[in-house]
Amino acid sequence: MTQQFYVSPEQLMKDRADFARKGIARGRSVVVVSCEDGIALVAENPSPSLHKIGEIYDKIAFAAVGKYNEFESLRQAGVRYADVRGYSYDREDVTARGLASVYAQSLGAVFTAEQKPFEVELAVAEVGASQDRDHLYRLTFDGSIADEQGFIVMGGQADKVSGAVETGWQRDLSFAAAIRLAVQGLVTDNESPDLPAKALEVALLDRGSESSRGTRRAFRRLSDADVMELLAEES
Amino acid sequence: MQETTANKVAANATSSFTEHLQRDRPELLPYNRPFLVSETAGQPLQVPHATTIVAMTYAGGVVMAGDRRATMGNIIASRHIEKVFPADQYSVLGIAGTAGIAIDLTRLFQVELEHYEKIEGTLLSLDGKANRLGAMIRGNLAMAMQGLAVVPLFAGFDTAAQMGRLFSYDVTGGRYEEQEHHAVGSGSMFARGALKKLWRPNLAEDEAVSVAIESLYDAADDDSATGGPDPVRQLWPVVYTVNRAGARRVAERELAAVAGTIIEARAAARREA
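Model, not experiment: these values are computed from the prediction. Every residue gets a number counted from 1 within its own chain, in the order that chain's sequence is written. Whichever chain is written first is A, and whichever ligand is written first is 1; the rest continue in order. It should be noted that, the model being predicted, local features are given only for residues of pLDDT at least 70 and side-chain atom pairs only at 80 or more, the latter also being counted only at that level, while totals for whole chains, interfaces and linings use all residues.

A.B. asks: Hey, could you run me through helix 5 (residues 175-187) of chain A in this one?
C.D. replies: Since one α-helical turn is 3.6 residues long, residues separated by three or four positions face the same way. All names here are of chain A. The first and last C-alpha atoms of helix 5 sit 18 Å apart over 13 residues, in line with the 18 Å expected at 1.5 Å per residue. Of all 13 residues making up helix 5, ten are buried, and the element is well covered by its neighbours. Taken as a whole, helix 5 has its buried residues at F175, A177, A178, I179, R180, L181, A182, V183, G185 and L186. We call two residues in contact when the distance between their C-beta atoms, placed using the backbone, is within 7 Å. Only runs of H or I of at least four residues qualify as helices and only runs of E of at least two qualify as strands under DSSP, and these elements are numbered from the N terminus. Tucked inside the fold, the buried residues of helix 5 contact strand 1 (30-35), strand 2 (38-44), strand 8 (151-154), helix 4 (158-168), strand 9 (200-206) and helix 7 (224-232). Helix span is expected to be 1.5 Å times the residue number reduced by one. Here a residue counts as buried when 20 or more other C-beta atoms fall within 10 Å of its C-beta, as exposed when 12 or fewer do, and as partly exposed in between; the C-beta atoms come from the backbone.

Have a look at this one:
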């Protein structure tokens, strides 16, 4: 019978964290920006159908980097959680805070109890009636949760991208400006100096969806043509 | 080993909210609650009933309208009830029967469609939606046997075929595609009669709205459980149109004008009906 070597808990956690970080660093970045018109979510993603950004509920969106199968299962779990909650209580009672804390607990449980941690990093965004009531939560592979102000950058070269976004970020950006800012950030970790609309996945949480589109569902995915138009627009 | 894991994952992958509830939270389904009235057979349970819904196709879409009355035996339970709801962007449903269960079923159906859309990233086909609704009505069969039936009418714009379509149901969940127009509920016979005379192919949208309101007027005329337009309280039927651009609720102001015209025309005719 083989005996397991003793590994200290510190070492075990460090190994797992390194493993997860390596997995996440391989992926392309995602930028979530809160702005005047709402929240813009921009990802570098060449696939038109395997999304990194998704709708969770009326005012809540999800963005992720890392392993597709892992964050996709988390996204679906989030949609189920939100729909069950909204169905059994009321639509108003589904909040990003509640969802983020469920995500934090599941990521934390997987990190400590499972064979391998999830190699993902998530953002949960909720658009409010005013910019002060926007919520952006960042969740990491070990279940840590952070309440961010203004914007979130996740993924491979997050530091570089984050620097670029930070210098350009202002409270009163329009959607077009926020998307341009996110793209400026995303190209910093790229070899080529610009990103075609085809290589981008862009979605919005529209602050005024009730008045402008007559729907309480704020999430809207932009087509390549929409993105091209917004990127071409002069600021 | 691998085989069973794969099977398990596949079996757990569902895009249906109802299936998810059935598995994890069965107590939340409107038709899964234990119900023990059958022993006291005889008097049916006195609960509010929703009544007449009409729907018809017009050039470019469908229109659905429902009156605003719910009755409980000979009592008017509500004058304000709304019985036509948007199911999603391209479909609407109207409900007749036990109001409490019907409203919960509607809510469940709305979540079901939105849930599928969010999980799969695409809308269900119109036939897919109609089938899901049928399955839900069948789920309610045990309650229907005890007198708590729900009978919906479903209408939507088929984005693939580019036309409006109508579906009716029976209490066992049987789904029937209807041509031209249809009505359900206690006043449906009279509404149907009116529709047969008023409807014609390729109506314009505003004409279709007017026909819908007039057929409900006729239903209210002969069926005590159907409410007519109420100028005193300014209550008008709930009317939705669905076309290429999606579902739209017709504004109160438009409805007041249409109902006013119909009442005036009937008054001016000075006839019994």
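A.B. asks: What's the story with unusual backbone geometry in this structure? I'm lost.
C.D. replies: Backbone phi values are negative for most residues with the exception of glycine, while trans is the configuration of most peptide bonds. Residue and element names in this part refer to chain B. Not every positive phi belongs to a glycine, and E180 is a case in point at roughly 65 degrees. We classify E180 as partly exposed; it has 13 C-beta atoms within 10 Å. In this model, N202 sits at a positive phi of 55 degrees, which is unusual for a non-glycine residue. Of note, N202 is situated in the loop between helix 6 (188-198) and helix 7 (205-222).

A.B. asks: Where do I start with the interface of chain B and chain A in this structure?
C.D. replies: Frequently, the measure chosen for interface size is the accessible area removed from exposure when the parts meet. Counting residues at the interface gives ten residues for chain B and nine residues for chain A. At the level of elements, helix 2 (17-24) and helix 3 (99-120) of chain B are the ones that each hand at least two residues to the side of chain B that touches chain A. When residues in the side of chain B that touches chain A are grouped by element, the largest group, five residues, is from helix 3 of chain B. Within the side of chain B that touches chain A, the residues separate by chemical class into four nonpolar, three polar and three charged. Only Asp, Glu, Lys and Arg are considered charged in this grouping, and only Ala, Val, Leu, Ile, Met, Phe, Trp, Tyr, Cys and Pro are considered nonpolar; every other residue, Gly among them, is considered polar.

A.B. asks: Would you mind going over the environment of D134 of chain A with me for this structure?
C.D. replies: The topology assignment puts D134 of chain A in the loop between strand 5 (120-126) and strand 6 (135-139). Taking the C-alpha atoms as reference, D134 of chain A lies 9.7 Å from A96 of chain A; in sequence the two are 38 residues apart.

A.B. asks: Teacher, can you tell me more about the pairing of strand 8 of chain A here?
C.D. replies: Remember that side chains alternate between the two faces of the sheet whenever the strand is regular. All names here are of chain A. Across the two faces of strand 8 the burial is the same, with F151 and V153 and I152 and M154 all buried. Inspection of the sheet shows strand 1 paired to strand 8 by four bridges, in the antiparallel sense. The partner of V30 across the bridge, within strand 8, is M154. Here, a strand pair is defined by DSSP locating no fewer than two bridges between the strands.

A.B. asks: Explain the environment of L186 of chain A to me, please; I cannot follow it from the model alone.
C.D. replies: All names here are of chain A. Structurally, L186 can be placed in helix 5. Note on L186: 26 C-beta atoms within 10 Å, which makes it buried. As for L186 and V161, which are separated by 25 residues in sequence, their C-alpha atoms are 5.8 Å apart. Beyond its immediate chain neighbours, meaning those up to four positions away, L186 contacts S29, V31, V42, E44, V161 and L195.

A.B. asks: I tried to follow the sheet that holds strand 11 (residues 181-184) of chain B on my own but got confused; where do I start?
C.D. replies: Residue and element names in this part refer to chain B. One open sheet accounts for five strands, arranged 11-2-3-12-13; its pairing is antiparallel. The sheet is open, and its two edges are formed by strand 11 and strand 13 (246-249), each paired on a single side. In this sheet, neighbouring strand axes are inclined to one another by 15 degrees on average, regardless of whether the strands run parallel or antiparallel. Here six bridges tie strand 2 (residues 53-58) to strand 3 (residues 61-66), and the two strands are oriented antiparallel to one another. Bridge pairing in strand 3 links A55 to M64. Across the face of the sheet, helix 6 comes into contact with strand 2 and strand 11 while running at roughly 160 degrees to strand 11. Against the sheet, helix 7 makes contact with strand 2, strand 3 and strand 12 (238-243), and its axis sits at roughly 155 degrees relative to strand 2, the strand it touches most. Note on geometry: axes are lines fitted to C-alpha atoms, helical ones only across the stretch in contact, with angles between N-to-C directions running from 0 to 180 degrees.

A.B. asks: Please explain the environment of E254 of chain B as it appears in this structure.
C.D. replies: Residues and elements named next belong to chain B. Topologically, E254 is positioned in helix 8 (residues 252-269). A tally of 14 C-beta atoms within 10 Å means that E254 is categorised as partly exposed. E254 sits 33 residues away from D221 along the chain, and the two C-alpha atoms are 22 Å apart.

A.B. asks: Even after reading the chapter, I still don't get the nonpolar core, so can you show me in this structure?
C.D. replies: The tendency in soluble globular proteins is for nonpolar side chains to be buried as a group. Among the nonpolar cores identified, the biggest contains 146 residues, and V32, A61 and V124 of chain A are the most heavily contacted of them. Aside from chain neighbours lying at most four places away, what touches V32 of chain A is I39, L41, A63, A123, A125, L136, F151 and I152 of chain A. A set of buried Ala, Val, Leu, Ile, Met, Phe, Trp, Tyr and Cys residues, joined to one another through C-beta atoms within 7 Å, is what we call a nonpolar core.

A.B. asks: Looking at this structure, how should I read the packing of helix 7 of chain B against helix 8 of chain B?
C.D. replies: Relative placement of two packed helices is described by the angle separating their axes and the distance separating the axes. Residues and elements named next belong to chain B. Put simply, helix 7 and helix 8 touch, their axes get as near as 10 Å, and they point 55 degrees apart. Taken as axis vectors, helix 7 and helix 8 run oblique relative to one another. The hand of the helix 7/helix 8 crossing is right-handed. Of the residues in helix 8, those in contact with V209, S210, I213, E214 and Y217 of helix 7 are L255, V258, A259 and I262. Of the residues belonging to the contact of helix 7 with helix 8, the class tally is seven nonpolar, one polar and one charged. If an angle is under 35 degrees, it is roughly parallel; if it is over 145, roughly antiparallel; if it lies from 65 to 115, roughly perpendicular; otherwise it is oblique. Each helix crossing is assigned a hand: it is left-handed if the near helix lies turned anticlockwise from the far helix by less than a right angle, otherwise right-handed if that turn is clockwise.

A.B. asks: Honestly, the pairing of strand 7 (residues 145-148) of chain A in this entry has me stumped. Any pointers?
C.D. replies: Residues and elements named next belong to chain A. For strand 6 and strand 7, the ladder comprises four bridges, and the chain directions are antiparallel. Among the inter-strand pairings, Y137 is bridged to a residue of strand 7, identified as D147. In this structure, the hairpin formed by strand 6 and strand 7 is closed by a connection of five residues, where G143 is found at a positive phi of approximately 95 degrees.

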